[in-house]
Every structure is written in C-alpha cells, then in structure tokens.
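Residues per chain, in single letters:
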Amino acid sequence: MKELFNSIGNESLSVIKNPFDGNKIKKVYVFYQENIFNSGQWHAYGGIEFQNGKTTGEQKFEGDSFDEVVLQMKACINQLLKK
C-alpha cells in the first residue's frame, strides 16, 4: 500500500476540488413538515449543495422552525462568500 501512495504522489489530489465555495452553490432547499409520529410538532431541515468540477458536497441544517433553518443557511452562505 505504501508503494501505491508513493507512486501516486500529490497528483491524485489535483482531481479533488473543494466544493464548499459560495460561488459553487448548485441547489438550496428547505422543508418544513409536521412530525408524522407526533401530531402538532413541526420540524424544519434544509441543505446547500455544491459542485466544483466533478467534486460535490452538501451542508445540511436542522431546526424547530423554518426561520431558524433559513438563518443558519444564510449565515453559512455569507461566511463562504467572505472567503
């Protein structure tokens, strides 16, 4: 195995591109739904999907309210755009 790593060297890392970049956002989604096991309780979740070349990533968010999840997502995007 060590020989394999030595033969590959740093070249293999050139195909891996960091997808978590504010300019690489491909999809933003938020769901707000009633808990099927506890009627009357609601839950929100969402995510931001990224793609940079063929490398993809997703950041997920959860909260008790729609607004809470949206604020978390907004803070994440703002932080990524500052880089």
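Here, every reference points to the structure presented above.
Reading the values: rules and limits
Residues numbered from 1 in each chain as written. Predicted model: local features only at pLDDT ≥ 70, side-chain atom pairs only at ≥ 80, totals over all residues. Heavy atoms only, no water. Phe/Tyr/Trp six-rings, centres within 6.5 Å; stacked < 30°, edge-to-face > 60°. Helix = DSSP H or I, 4+ residues; strand = E, 2+ residues; numbered from the N terminus. Core = buried A, V, L, I, M, F, W, Y, C linked by side-chain atoms within 4.5 Å. Buried < 20%, exposed > 50% of the residue type's maximum accessible area, 1.4 Å probe, protein only. Contact = heavy atoms within 4.5 Å.

1. What to know about the packing of aromatic side chains
Piece 1. Enumeration over the complete set of coordinates arrives at 5 aromatic pairs.
Piece 2. Here Tyr 32 and Trp 42 contribute two aromatic rings whose centre-to-centre distance is 5.1 Å and whose plane-to-plane angle is 25°, an arrangement assigned as stacked. Linking Tyr 32 in strand β1 (residues 25-34) with Trp 42 in strand β2 (residues 42-52), this pair joins segments that are 10 residues apart in sequence.
Piece 3. Each residue in the set Tyr 29, Phe 31 and Tyr 45 is aromatic and connected to the rest through ring pairs, giving one cluster.

2. Side note on the nonpolar core
Piece 1. Core analysis: the biggest nonpolar cluster contains 9 residues, these being Ala 44, Ile 48, Phe 50, Phe 61, Val 69, Met 73, Cys 76, Ile 77 and Leu 80.
Piece 2. Elements represented by at least two residues in this core include exactly β2 and α2 (66-82).
Piece 3. No other element matches α2, which puts 5 residues into this core.
Piece 4. If we ignore the near neighbours within four places in the chain, the residues touching Cys 76 are Ile 48, Gln 59 and Phe 61.

This is a description of form; function is not addressed.
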